[in-house]
Amino acid sequence: MLSLSLNAGDTPLRLLCLGAHCDDIEIGCGGTILKLAATRRRLEVHWVVFSSDEKRKPEGLKSAETFLCGIVTKKVAIYQLRDGFFPYIGADLKESFDQLKAEISPDLILTHYRHDLHQDHRLVSELTWNTFRNHLILEYEIPKYDGDFGSPNVFIPLEESMCRRKIDTILTAFQSQSEKQWFSRDLFLAILRLRGMEANAFSGYAEGFYCRKAVLGMEV
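The model shown is predicted, which means the values in this text are computed figures rather than measured ones. (Residues numbered from 1 in each chain as written. Predicted model: local features only at pLDDT ≥ 70, side-chain atom pairs only at ≥ 80, totals over all residues. Heavy atoms only, no water.)

K.L.:
What is the right way to look at the side chain of S52 in this model?
P.N.:
Structurally, S52 can be placed in the loop between β2 (43–51) and α2 (56–67). Judged by relative accessible area, which is 12%, S52 ranks as buried. Here the side chain of S52 touches Y79 through a polar contact of 2.8 Å, landing on its backbone oxygen. Apart from residues no more than four positions distant in its own chain, S52 is found in contact with C22, K57, I78, Y79, Q80 and L81. (Helix = DSSP H or I, 4+ residues; strand = E, 2+ residues; numbered from the N terminus. Buried < 20%, exposed > 50% of the residue type's maximum accessible area, 1.4 Å probe, protein only. Polar contact = N/O pair within 3.5 Å; in protein donor to acceptor, adjacent residues only side chain to side chain. Contact = heavy atoms within 4.5 Å.)

What follows is the structure, encoded as structure tokens:
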């Protein structure tokens, strides 16, 4: 495993963001991406979404463009694997991960939670660990009807203004999701507030992540 400092500095930070569907990355770790973009002078982002369709792909591209605004080195890839069927088309997804491995060696990977009850999310998490074995991986959470929230062990504190910017972008970009009862400003803000309380964040807001393995640098 590689150790990593998220402090601002001149060393490039190579960030890989993985999402099963359009809006997963934004909901799960959009605030963290905005914070890294604001604090790291040299941030390189590889943004990958594995499932979309003719309606959702333009939304995903618009959202990614907004979240990554100001970042010079970035690549956005949105595939069109069938939503809900990842376990049954695993070979296609595995090939996509193999291509990623050949293209990028990231310092930090943001991906789905290992115990997410959505089958697509769970397989993306599994293949992340299968593919990237010497990298820092943080697993983000997505709210859903199934009720699979756990107890994160890593928190990224966020200013309230950054939380509202995250939520505004999500609600504006993903109009196709607006009729879903869970897709709302108050729910997204409540999660950030809950995790902020757990993190004892000064601002009161944070995003939570799960870290299975980490190496702490203790160099003299």
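Moving on from the coordinates now.
K.L.:
Help me understand helix α3 (residues 90–103) in this model?
P.N.:
The first and last C-alpha atoms of α3 sit 20 Å apart over 14 residues, in line with the 20 Å expected at 1.5 Å per residue. Along α3, the residues classified as buried are L93, S96, F97 and L100. Buried residues of α3, viewed axially, fall in a sector of 95°; they line one side. Counted as exposed and oriented over 90 degrees from the buried face of α3: A91, K101 and A102. Buried residues in α3 make contact with β1 (13–21), β2, β3 (73–81) and α4 (119–131). (Expected span 1.5 Å × (residues − 1). Arc of directions from axis to C-beta.)

K.L.:
Is there a simple way to explain the pairing of β1 in this structure?
P.N.:
Moving residue by residue along a regular strand, the side chains alternate between the two faces of the sheet. Within β1, 8 of the 9 residues are buried, which leaves it mostly tucked inside the rest of the structure. Examined bridge by bridge, β1 and β2 share 8 bridges and lie parallel to one another. Residue pairing for β2: L18 is matched across the bridge by V48. In this sheet, strand β4 (residues 108–112) lies alongside β1 in parallel orientation, the contact comprising 3 bridges. Bridge pairing links L15 to L108 in β4. (Pairing = 2+ DSSP bridges.)

K.L.:
Explanation requested: the pattern of salt bridges in the structure shown.
P.N.:
Any two side chains of opposite charge can pair if their charged atoms end up close together. Applying the stated rule across the entire model yields 12 salt bridges. Between D148 and K144 there is a salt bridge, with the nearest N and O atoms lying 3.0 Å from each other. The class of D148 is buried, set by a relative accessible area of 10%. Here K144 falls in the buried class, since its relative accessible area comes to 19%. When salt bridges with common partners are traced through the structure, they connect D116, K144 and D148 into a single cluster. (Salt bridge = Lys/Arg side-chain N within 4 Å of Asp/Glu carboxyl O.)

K.L.:
Looking at this structure, how should I read α4?
P.N.:
Owing to its 3.6 residues per turn, the α-helix aligns residues three or four sequence positions apart on the same side. Counted at 1.5 Å a residue, the expected span for α4 with its 13 residues is 18 Å, and the 18 Å between its end C-alpha atoms agrees. Turning to α4, its buried residues are D120, H121, L123, V124, S125, L127, T128, W129 and T131. Contacts made by the buried residues of α4 are with β1, α1 (24–39), β2, α3, β4 and β5 (136–140).

K.L.:
Can you walk me through the packing of aromatic side chains in this structure?
P.N.:
For any two aromatic rings, the description comes down to two numbers: the centre-to-centre distance and the angle of the planes. The full count for this structure, using the stated rule, is 8 aromatic pairs. Between W182 and F183, the ring centres sit 5.5 Å apart and the planes meet at 80°, which makes this aromatic pair edge-to-face. Given the relative accessible area of 6%, F183 is considered buried. One aromatic cluster in this structure is built from F50, Y79 and F97. The ring centre of F85 lies 3.6 Å from the NZ or CZ of R82, which sits over that ring. (Phe/Tyr/Trp six-rings, centres within 6.5 Å; stacked < 30°, edge-to-face > 60°. Lys NZ or Arg CZ within 6 Å of the ring centre and 35° of its normal.)

K.L.:
Looking at this structure, how should I read the side chain of D23?
P.N.:
Tracing the sequence through the fold places D23 in the loop between β1 and α1. On the accessibility criterion, D23 (4% relative accessible area) is buried. Once you skip the residues sitting within four places of it in the chain, D23 turns out to touch R56, F174, Q177 and F183.

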